[in-house]
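# Reading the structure
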Amino acid sequence: MNVTHEKLYAIFLFTITTYIFLPYNFQQWNSVLFNFGTISIGLIGFGTTASISFLIRLSHNNPVRFTLIDLTLGIYFILQKGYYLVLNEFSFEYLFFAENVLLCFIYLSYRGLNQKYFSSFLYIIPICAFIQIAYGIVHQTHLLAPGFQVSKITGSFINQGPFACFIAIAITSVLGSLNYTNSQSSINSKVFKVIIASTLIFFWIILLNTFSRAAVLAASLPTAYFLFILFGIKKKFKRVKRFYRIFILGLIIILGTSALLSMYYSKKPSADGRLLIWEVTMKMIQEKPILGHGVNHFEKEYMNQQASFLKTNQNKNYYMLAGENNYAFNELLRVLQEQGIIGLLLFLLIFLLIILSKSQHQGSKSINETLISKGIIITVFTFGLFSYPWEVIEIKSIAIACVAIIASYSKTHIDSSSKFHTFLSAIPVIVLFAFSILRTVDNYPSFVKWNNNLASIKPPVTQNDIKKLNNIYPELENNSYFLAFYGQILSEAKMFSEALIYLSRSNLIDPAYYKEVALGKIYQNMGQKSSAEEHWMKASEMIPSKFEAPYLILQMYYLNHNYEMVEKLASELLQKEIKVYSVEVYEMIEDIKDMRLDAKNQKNQQYLDYPK
């Protein structure tokens, strides 16, 4: 690449990168579909840059340079996606395909970027973090209006957890920049250091106000490491007498343990909820330890497994902790559950190759960029031990780009000067890009129509509404959210047989409490009371603390004049501890009291009417 081509390539790449990280989209998307706009535009943008990178290599006869990280990642990607296709009987779900191909293109795009532009990417992260915070202040706290605290800020993320992880990554990036400027002695660098230090303090204030313990821990490790380098603590520590060194290390261990315990007890129910999720996940792992249940199968298995676990372990503490969940809250456990021991070992091998990789250049700039990238990887990895960063497209994109930066500087590599080898490498990338464009063009109109339907379709449902959804069904037949939405619309239109098909399919892909409740209502309307009770019982086993499913069973008993069961179940429900108070729960409890009282009266009346 000549200088002009390199600059244009870098500008286009950073523009697409910034778009991925910003809380804005070309179109207003429903919260269910917000990632679709980001993923589809990102797929085309990064696919373009990855393809251009290979085409320029071909035109300039530049060699393809493979590192051990590249090869291991390629093997992992192929095995993972192949395993997904086999277990899912080659069914195609656009969003899953698009997101994974997008990550592949991001990696290839940054591997094709000239190393002198890597620092620009590391500056984009804190800039986008500022924009995310500003967006949150304006739209989520209404300019910090009374009653709206800083803790309400989530940016464009689904909750405080992923947002906090993004801020933790920004802190790591800023700390690395501070470490780099420490070696500079000019006035400009001193001013820059003051700006960076102020930014760092601001980000930490925001991070602490998210109350995300996982993100605080994830940011603390690289912070400690960079400060260790920045102040030359290693050299100073060696000069200290052995007794004092042991004392300092003991103090650090005590303070660290105290900090971890305080994090646990500060939000104990949340921490215990994670422990329950991990316990259920371990039960799933024991079923298929070698190969796992399949890529993207955690959502398909978890809620059913939670129901089975709670049914056999009737612990009231578990009942109050269980909730609707699709996340493992530990990425290693998720990999182990989905891909088995083989997948986990390969995943850990890639992580070790990344962390232990040594830079081929000895300049302070290249070493620092590698250190920052490794710091970000460690931040994401640490956060992933207690949360779900690999479910958030922005965090995944940053991590993948950082891996590409580390691989670009890696010492261990294989050069191929053959133009034919470059051509062979370019073919699958360009073919995949062309296929991605075709699939995006096919699916984009359907997602846009669905997005519009989510806003426009309201009760009473018309035949025209159903026709709109039926037209886009072929492209969305494997999307569980669409299937659930379509099934509920058909149910509201009293088309129960059709509703049952789509809602059951959605529940098979991604089981959920609300789907079991909805299926029970459909069966009840079809007159199949035993099937209705079966689904409501399943819902009750999934989340025992909720009232709706057992309340519907009680209501069905009452309508069937089964007063003995009404009295028994009503007494159990009235003794049940309430997890979350709401108007709906209060109304159900009052109704339960009325049904129990009426059931008692009816039983007494039957006793009096019984011939003596």
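Please refer to the structure higher up on the page.
An account of the accompanying structure is given in this report. (Residues numbered from 1 in each chain as written. Predicted model: local features only at pLDDT ≥ 70, side-chain atom pairs only at ≥ 80, totals over all residues. Heavy atoms only, no water.)

Relative to each other, helix 12 (residues 298-312) and helix 22 (residues 529-542) sit at 80°, their axes nearing to 7 Å. Compared by their axis directions, helix 12 and helix 22 come out roughly perpendicular. Along its contact with helix 12, which presents Met303, Asn304, Gln306, Ala307, Leu310 and Lys311, the element helix 22 presents Lys538, Glu541 and Met542. The residue makeup of the contact of helix 12 with helix 22, split by class, is four nonpolar, two polar and three charged. (Axes fitted to C-alpha atoms, helices over the stretch in contact; angles between N-to-C directions. Helix = DSSP H or I, 4+ residues; strand = E, 2+ residues; numbered from the N terminus. Parallel < 35°, antiparallel > 145°, perpendicular 65-115°, else oblique. Contact = heavy atoms within 4.5 Å. Nonpolar A, V, L, I, M, F, W, Y, C, P; charged D, E, K, R; others polar.)

This brings us to the nonpolar core. Ranked by size, the top nonpolar core spans 167 residues in total, and within it Tyr110 and Phe121 carry the most contacts. At 13 residues, the largest contribution of residues to this core is made by helix 16 (residues 393-409). (Core = buried A, V, L, I, M, F, W, Y, C linked by side-chain atoms within 4.5 Å. Buried < 20%, exposed > 50% of the residue type's maximum accessible area, 1.4 Å probe, protein only.)

Turning our attention to the packing of aromatic side chains. Within this structure, the stated rule accounts for 30 aromatic pairs. Pairing Phe157 with Phe166 gives two aromatic rings, centres 5.5 Å apart and planes at 45°, and the pair type is tilted. Of the two residues, Phe157 and Phe166, both sit in the buried class. Taken together, the ring pairs in this structure connect Phe36, Tyr94, Tyr444, Phe447, Trp450, Tyr473, Phe482, Tyr486 and Tyr502 into an aromatic cluster. Just above the ring of Tyr513 sits the side chain of Lys546; from NZ or CZ to the centre is 4.8 Å. (Phe/Tyr/Trp six-rings, centres within 6.5 Å; stacked < 30°, edge-to-face > 60°. Lys NZ or Arg CZ within 6 Å of the ring centre and 35° of its normal.)

Let us look at the side chain of Thr154. Its location among the elements puts Thr154 in the loop between helix 5 (118-139) and helix 6 (160-181). When neighbours within four sequence positions are excluded, Thr154 is seen to be in contact with Gln140, Asn159, Gln160 and Phe163.

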